[in-house]
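Coordinate inspection notes
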Amino acid sequence: MDLDLTGKHALVCGASEGIGRAAAHELALLGCDVTVLARRPEALAAVAAALPQRGAQAHGWIAADVSEHAALSAQVQALAAGKPVHILVNNTGGPPGGPAHAAEDAAYLDAFNRHLLANHALVRAVLPGMRAARWGRVVNVISTSVKEPIAGLGVSNTIRGAVASWAKTLSRELGADGITVNNVLPGYTRTARIDQIVADRARNSGQAPEAVLEAMRKTVPANRFAEPAEIGAAIAFLCSPAAGYVNGVSLAVDGGRMQSI
Ligand SMILES: NC(=O)c1ccc[n+]([C@@H]2O[C@H](COP(=O)([O-])OP(=O)(O)OC[C@H]3O[C@@H](n4cnc5c(N)ncnc54)[C@H](OP(=O)(O)O)[C@@H]3O)[C@@H](O)[C@H]2O)c1
């Protein structure tokens, strides 16, 4: 199986920690140059410096807020002008929890900006280079909620669905250019995001965080949460030459938690 990404350049967003950092690590292991993007420069510099080196790979980082679309586009266009981006991993922090009916309009607009419009700005910035190379990979990190909405994540459920529909549409538009667009839907994964969700649920239910964690664990057939590297590996596979005919899918990596087929 051809997993070799030597000579390719990946831009991995939301990569100062968590799933994004793990995806950057897995992609570097497959041989490509990786640029990591998030808001905190010190964390990014440390992540980039720690990425695996297989030969002469040039890793780097960009500090940017994906909600600031004009600045984001300018930074990524400049990056791509210097070294075309062949692989884009769209990923950022999840929206705050709470029921859909109670959320303010601003919460929906913030999430739409940070997820859908940010992804859109990033794709537009890297697309000319992918088209010129007639090779590209876009992987969006979303959530299992695109298939089974998750109670207490009203804004997130709504925005994730929009991202999944946008991605499916793109996959059909760009396939003829040698570009694939796929989504990874993580299950419960041991990162800061899951700590935030557990804390929210504990506060809202009056349960201890340990009890919330245990109840969540019991819903997973694998009987454990995922390690970030397990999600990163699925992302890296979808970016590999071996996955060239996989396009427009939403791949759940959830230890079997979802009940739908
Ligand atoms: N962990 C799970 O169990 C789980 C399950 C399903 C779905 N997901 C989703 O998967 C995605 C990644 O999750 P995670 O667990 O890895 O989250 P995480 O540990 O909270 O990491 C989020 C990353 O996004 C960056 N980020 C946040 N806001 C940003 C912004 N405005 N601009 C640029 N970068 C930003 C953060 O870095 P900076 O702070 O440096 O900007 C960080 O690197 C999220 O959308 C999450 O909701 C996670």
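Every value quoted in this text rests on a predicted model; they were computed, and no experiment measured them.

What follows covers the overall build of the protein chain. The number of helices and strands found in the protein chain is eight helices and seven strands. A globule of 261 residues ought to have a C-alpha radius of gyration of about 18 Å, and the protein chain, at 18 Å, matches this closely. The dimensions of the protein chain, computed from C-alpha atoms along their principal axes, are 55 × 40 × 35 Å. Taking all 261 residues of the protein chain together, 49% fall into the buried category. Across the protein chain, every contact between residues at least 6 apart in sequence was considered, and the portion connecting residues at least 24 apart equals 74%. Of the roughly 11900 Å² of accessible surface on the protein chain, a fraction of 56% belongs to carbon and sulfur atoms. The centroid of the 23 positive side-chain charges in the protein chain is displaced by 4 Å from the centroid of its 21 negative side-chain charges.

To continue, consider the packing of aromatic side chains. Going through the model one piece at a time under the given rule, you end up with one aromatic pair. Arranged with centres 5.3 Å apart and planes meeting at 50°, the rings of Y188 and F225 form a pair that is tilted. Of this pair, Y188 sits in the loop between β6 (179–186) and α6 (192–205) while F225 sits in the loop between α7 (209–218) and α8 (228–239), and the two are 37 residues apart along the sequence. You can call F225 buried: its relative accessible area is 10%.

The subject of this paragraph is α6. The terminal C-alpha atoms of α6, which comprises 14 residues, lie 20 Å apart, in line with the 20 Å expected from a rise of 1.5 Å per residue. Taken as a whole, α6 has its buried residues at R193, I194, I197, V198, D200 and A202. Buried residues belonging to α6 abut α5 (154–174) and α7. Immediately beyond the C-terminal end of α6, within one or two residues, lies G206, with a positive phi of roughly 75°.

Turning next to the site of the ligand. Close to the ligand lie 29 residues, the nearest being S16, I19, R39, R160 and T191. Contacts to the ligand include G14, whose backbone N or O atom sits 3.2 Å from an oxygen atom. Relative to its unbound accessible surface of 890 Å², the ligand loses 93% to contact with the protein. Looking at the shell around the ligand, the elements with two or more residues in it are α1 (18–29) and α6. In terms of residue count, α6 provides more of the shell around the ligand than any other element does, three residues in total. For the shell around the ligand, the residue count by class is eleven nonpolar, eleven polar and seven charged.

On to the environment of T144, then. Inspection of the secondary structure assignment puts T144 in the loop between β5 (136–141) and α5. The sequence separation of T144 and V253 amounts to 109 residues, and the corresponding C-alpha distance is 8.5 Å. Apart from residues no more than four positions distant in its own chain, T144 is found in contact with I150, L185, P186, G187, D254, R257 and M258. Looking at T144, its side chain comes within polar contact range of the side chain of R257, at 3.1 Å.

Parameters and conventions
- Residues numbered from 1 in each chain as written.
- Predicted model: local features only at pLDDT ≥ 70, side-chain atom pairs only at ≥ 80, totals over all residues.
- Heavy atoms only, no water.
- Helix = DSSP H or I, 4+ residues; strand = E, 2+ residues; numbered from the N terminus.
- Rg over C-alpha atoms; globule rule 2.2 N^0.38 Å.
- Buried < 20%, exposed > 50% of the residue type's maximum accessible area, 1.4 Å probe, protein only.
- Contact = heavy atoms within 4.5 Å.
- Areas by Shrake-Rupley, 256 points an atom, 1.4 Å probe, with all protein chains shown as cover.
- Lys, Arg positive; Asp, Glu negative; His and termini not counted.
- Charge placed at Lys NZ, Arg CZ, Asp CG, Glu CD.
- Phe/Tyr/Trp six-rings, centres within 6.5 Å; stacked < 30°, edge-to-face > 60°.
- Expected span 1.5 Å × (residues − 1).
- Near = heavy atom within 4 Å.
- Polar contact = N/O pair within 3.5 Å; in protein donor to acceptor, adjacent residues only side chain to side chain.
- Nonpolar A, V, L, I, M, F, W, Y, C, P; charged D, E, K, R; others polar.

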